[in-house]
Amino acid sequence: MTTATALPPSLVDRLTTLQRHAARGLTAVLAEDGCTLDQWRVLRALGDGEGHTMGGLAQGLQVAAPTLTRVTDTLADAALVYRRQTGEDRRRVLLHLSRQGRRRLDGLEALVAAHEAALLASPPWAAAAAELTGLLAQDGHAGTR
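Residues numbered from 1 in each chain as written. Predicted model: local features only at pLDDT ≥ 70, side-chain atom pairs only at ≥ 80, totals over all residues. Heavy atoms only, no water.

### Details of the nonpolar core
In terms of nonpolar packing, the biggest core is built from 21 residues, with L30, W40, V42, L43, L46, L75 and V81 touching the most fellow members. For this core, the elements supplying multiple residues, two or more each, are helix 1 (11-32), helix 2 (37-46), helix 3 (54-61), helix 4 (65-77), strand 2 (93-97) and helix 5 (99-121). Top contributing element to this core by residue count: helix 2, with four residues. With seven residues, the next largest nonpolar core counts L11, L119, W125 and L132 among its residues. (Core = buried A, V, L, I, M, F, W, Y, C linked by side-chain atoms within 4.5 Å. Buried < 20%, exposed > 50% of the residue type's maximum accessible area, 1.4 Å probe, protein only. Helix = DSSP H or I, 4+ residues; strand = E, 2+ residues; numbered from the N terminus.)

### Let's talk about the pairing of strand 2
With respect to burial, strand 2 is a largely interior element, four of its five residues being buried. Of the strand pairs in this sheet, strand 1 (residues 81-85) and strand 2 are connected by five bridges, and their pairing is antiparallel. Residue pairing in the sheet places R84 in a bridge with L94 of strand 2. (Pairing = 2+ DSSP bridges.)

### So, the pattern of salt bridges
Counting across every chain of the model gives four salt bridges. The salt bridge involving R44 is made with E109; its shortest N-O contact spans 3.0 Å. Within this pair, whereas R44 is found in helix 2, its partner E109 is found in helix 5, the two being separated by 65 residues in sequence. Taking relative accessible area as the criterion, R44 reaches 47% and is therefore assigned partly exposed. Note on E109: relative accessible area 24%, which makes it partly exposed. (Salt bridge = Lys/Arg side-chain N within 4 Å of Asp/Glu carboxyl O.)

### Some remarks on the side chain of H115
Locating H115 in the fold gives a position in helix 5. Beyond its immediate stretch of four places on either side in the chain, H115 contacts A22, G25, L26 and V29. (Contact = heavy atoms within 4.5 Å.)

### Points about helix 5
Three or four residues apart is the spacing at which side chains of an α-helix point the same way, because the helix has 3.6 residues per turn. Helix length check: helix 5, at 23 residues, gives a terminal C-alpha distance of 33 Å against a target of 33 Å (1.5 Å per residue), a fit within 8%. Taken as a whole, helix 5 has its buried residues at G101, L105, L108, V112, H115 and L119. On its buried side, helix 5 packs onto helix 1, helix 2, strand 2 and helix 6 (123-138). (Expected span 1.5 Å × (residues − 1).)

By themselves, these observations are geometric and do not establish any function.
Printed below as a string of structure tokens:
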């Protein structure tokens, strides 16, 4: 008969749990303003003022191509983003943030900043940050990028 022992905390498991908790809270905040988490993430990625391909966005945001297409179609229907062919290759299309999209993003960023500030001010998140620092130190990742 063997005695079960508790496994040490896993950095990936803990990060996943915290990410899901934070995303769930932010999803609720954004939904109150009529936006989804994926829509905000796309707007934010386009907020750099550069045009982005769908493939580049999908890779950078880690979103499946069909999901990204659905999200960008919704944003385009709302005139928040637009598509433009590049001059050198008409098959290549870049997605851009519209002026209306910029205003929408600015408003959403204020909501996100308030949500993140509230998260970071809560004792459970302070404890989680300390725990993650300890896990990173154990794994030899503290202070590395």
